[in-house]
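These are the residues of each chain, in order.
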Amino acid sequence: MDRIQQPIEEQLLIRYCAGQATEQECALIEAWVAQSVEHEQLLRQLMSLSWHADLLRVVPQLDTEKAWQQVYRKLQGKTISLPRRLWMKFQLVAAILIFPLMMTFGVLYYDAVQPAEESVCLVEIRTNPGMTTQFELPDGSKVHLNSESVLRYPATFAKAGRRVELEGEAYFDVKKEPERPFVVKTPHKTQVEVSGTTFNLEAYESQPEIHATLLTGKISFVFTQGATRHALKLNPGHKLIYDVATSGTRISVTNGQAEAAWKDGKIIFDATPLPEALRMLEKRFHVRLNLRNPRLWKEAFTGTFTTQRLERILEVFELSSGIRWRYVSNPNKAEEKTTIEIY
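The text that follows walks through the structure, step by step, so that each part is easy to find. (Residues numbered from 1 in each chain as written. Predicted model: local features only at pLDDT ≥ 70, side-chain atom pairs only at ≥ 80, totals over all residues. Heavy atoms only, no water.)

## Let's talk about the overall build of the protein chain
The number of helices and strands found in the protein chain is eight helices and 19 strands. Taking all 343 residues of the protein chain together, 42% fall into the buried category. Sequence-distant contacts, at least 24 apart, represent 48% of the contacts inside the protein chain between residues at least 6 apart. When the accessible area of the protein chain is evaluated, it comes to approximately 19000 Å², of which 51% is carbon and sulfur surface. (Helix = DSSP H or I, 4+ residues; strand = E, 2+ residues; numbered from the N terminus. Buried < 20%, exposed > 50% of the residue type's maximum accessible area, 1.4 Å probe, protein only. Contact = heavy atoms within 4.5 Å. Areas by Shrake-Rupley, 256 points an atom, 1.4 Å probe, with all protein chains shown as cover.)

As structure tokens, this is what we get:
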């Protein structure tokens, strides 16, 4: 790791990770990265560290540069290569950030975007099972990301528009910029086109439906049926459900409380059908709930839960509707989720 074929300045790497490097400087970094796998790994680690520090807003509270200088002074007189110095700096700050980073995983990675044919930095944020996180996008828009979800977006939005990609569930509070449309790309060749708006969007790759709930503003849900492109406009207080298999859509009226309660750590059922209620509980508690009794499909529930355990919520269901439930063993040893049978 100490062998460097082409010297590179530490400040240049820092500017690159912050998205402040010029086109010529980016080319120098790319050449340096191409020299070895170690250089590539180092750059990725520095990018991840830079993104985490910004996301958690800890830089104003943590004087990491001062701490690094104290360590560096102790090492004066020793010859230390740039990669090793940067790696030591990474370890120092990572040690400070390790606890909050246990809550959510994020990584900033380098990619080439086509057809623009220019290199950009993309941010990818992932949430662990049963956990949520919140953050701001480069334009000031706010996002809450639900359990087992992924959001990708450029470190700097283009002048022509703002595009992000979602796999999972997120609540968006989009900053209004009429000259720069905001688009959320979702699985199954669908997307949501947004103006200044608050809305909840649930689009898991493995789920048979996509749900879009508009609270304020305007959105259009865009999908393709055959060779035809459709765009359905939603009004505030409307929820759209898109059937992936049939490309069918249906719209219902809602106040949005049940759909967006997860971002505040709540579970709200408002005459919620049992299958949908179980799906909400699966996301919250990282379990698999198998509904075995067809009679229960039409059951609906109303209530609000905050800190209650899953068992307590199922006991309430049992008292109100006579359902029964039990833990069952899973023959698939690779399955990480606990399975509960509803009958």
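Back to the text.
## Concerning the side chain of Ser247
Within the secondary structure, Ser247 sits in the loop between β13 (238-243) and β14 (249-253). On the accessibility criterion, Ser247 (15% relative accessible area) is buried. Within the structure, Ser247 has its side chain in polar contact with the side chain of Tyr242 (distance 3.3 Å). The contact partners of Ser247, leaving out residues within four places of it in the chain, are Phe223, Thr224, Gln225 and Tyr242. (Polar contact = N/O pair within 3.5 Å; in protein donor to acceptor, adjacent residues only side chain to side chain.)

## Focus: the pattern of salt bridges
Counted by the stated rule, this structure contains 22 salt bridges. Notably, a salt bridge pairs Glu148 with Lys337, separated by 3.8 Å at the nearest N-O pair. Note that Glu148 is positioned in the loop between β4 (142-145) and β5 (150-154) and Lys337 in the loop between β18 (325-328) and β19 (338-342), a separation of 189 residues in sequence. Judged by relative accessible area, Lys337 falls into the partly exposed class, the value being 22%. For Glu169, the salt bridge is made with Lys283, and the minimal N-O distance between the two is 2.4 Å. Residue Glu169 is found in strand β6 (residues 162-174), and its partner Lys283 is found in helix α7 (residues 274-285); the two are separated by 114 residues along the sequence. Residue Lys283 is classed as buried on the basis of its relative accessible area, which comes to 13%. The structure contains a network of salt bridges with shared partners spanning Glu169, Glu202, Lys239, Glu259, Glu276, Arg279 and Lys283. (Salt bridge = Lys/Arg side-chain N within 4 Å of Asp/Glu carboxyl O.)

## Section: the sheet that holds β18
Pairing within the open sheet is mixed, and its three strands lie in the order β16-β19-β18. In the strand order of this sheet, the two ends are held by β16 (287-291) and β18, each with one partner. Within the sheet, the average angular offset between the axes of one strand and its neighbour, ignoring direction, is 30°. Here β18 runs beside β19; their pairing, made up of four bridges, is antiparallel. Each bridged residue has a counterpart across the sheet, and for Val328 the counterpart in β19 is Thr339. Contacting β16 and β19, α7 runs over the sheet at an angle of about 165° to β16. Contacts from helix α8 (residues 310-321) reach β16, β18 and β19, with the element oriented near 140° to β18. (Pairing = 2+ DSSP bridges. Axes fitted to C-alpha atoms, helices over the stretch in contact; angles between N-to-C directions.)

## Points about the packing of α7 against α8
Relative to each other, α7 and α8 sit at 170°, their axes nearing to 11 Å. Considering the angle they form, α7 stands roughly antiparallel to α8. Taking contact as the criterion, the partners of Leu274, Ala277, Leu278, Leu281 and Phe285 in α7 are, on α8, Leu310, Ile313, Leu314 and Phe317. The class makeup of the residues in the contact of α7 with α8 is nine nonpolar, no polar and no charged. (Parallel < 35°, antiparallel > 145°, perpendicular 65-115°, else oblique. Nonpolar A, V, L, I, M, F, W, Y, C, P; charged D, E, K, R; others polar.)

## Notes on the side chain of Thr190
In this fold, Thr190 is placed in strand β8 (residues 190-194). Polar contacts involving the side chain of Thr190 include one to the side chain of Thr186, which spans 2.5 Å. Only 2.7 Å separates the side chain of Thr190 from the backbone oxygen of Pro187, close enough to count as a polar contact.

Keep in mind that these numbers describe shape and distance, not what the molecule does.
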